[in-house]
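Results of the structural survey
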Amino acid sequence: MKCLTCGTDMVCNIDGHCLSWKCPNCGDGIATSYFEPIELDQAEYSIIIEKVEEPVMEQIKITSQILNVNYITTRKLLIEGDAIFKGKAIPVQNSAAILNRNNLKFSITPDFPYEIQ
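The present account deals with the structure reproduced in this document. Just so we're clear, the structure is a prediction, and the values are computed from it rather than from any experiment.

Along any regular strand the residues' side chains alternate between the sheet's two faces. Here strand β4 (residues 45-49) lies mainly inside the structure; 4 of its 5 residues are buried. The pairing of β4 with strand β5 (residues 84-87) spans 4 bridges and is classified as antiparallel. In the sheet register, Tyr45 faces β5, and the bridge partner there is Gly87. As paired elements, β4 and strand β6 (residues 106-109) share 4 bridges and run antiparallel to each other. Bridging across to β6, Ile47 finds its partner in Ile108.

Here is the structure:
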């Protein structure tokens, strides 16, 4: 972006939700708010965890924390293939990353357009 006053290339800075450009030559600036698309996404997503024939304690523990149910219920849900977590984009992204790190296979519906670490 070019400075409207002197034509110099402006320097962009993102600090939290504040997006600003400042001219290093004359000091003019412009500021606005910026939100990542995932922060504005109001869709409800579902993580469907694949069936696990014989879940080990670590899989039960991780899934229990995500689903917020006790170990006995979680074990049953994993064995039956009925373990489903529903939520907005950010909690789904965080939960999917935990499942990935713990080698639990899953799918997300509707299609999840964001990267999962």
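Once the structure has been displayed, the description carries forward.
Going from Thr109 to Pro110, the amide bond is cis rather than trans, its omega being -15°. Locating Pro110 in the fold gives a position in the segment after β6. At Asn68, a position not held by glycine, the phi torsion is positive, near 60°. With respect to the element layout, Asn68 can be found in the loop between α2 (57-67) and α3 (71-80).

Buried within α2 are the following residues: Gln59, Ile60, Ile62, Thr63, Ser64, Ile66 and Leu67. Those residues of α2 that are buried are in contact with β4, α3, β5 and α4 (89-101). Just beyond α2, the residue with positive phi is Asn68, at close to 60°.

The rules we used
- Residues numbered from 1 in each chain as written.
- Predicted model: local features only at pLDDT ≥ 70, side-chain atom pairs only at ≥ 80, totals over all residues.
- Heavy atoms only, no water.
- Buried < 20%, exposed > 50% of the residue type's maximum accessible area, 1.4 Å probe, protein only.
- Helix = DSSP H or I, 4+ residues; strand = E, 2+ residues; numbered from the N terminus.
- Pairing = 2+ DSSP bridges.
- Contact = heavy atoms within 4.5 Å.

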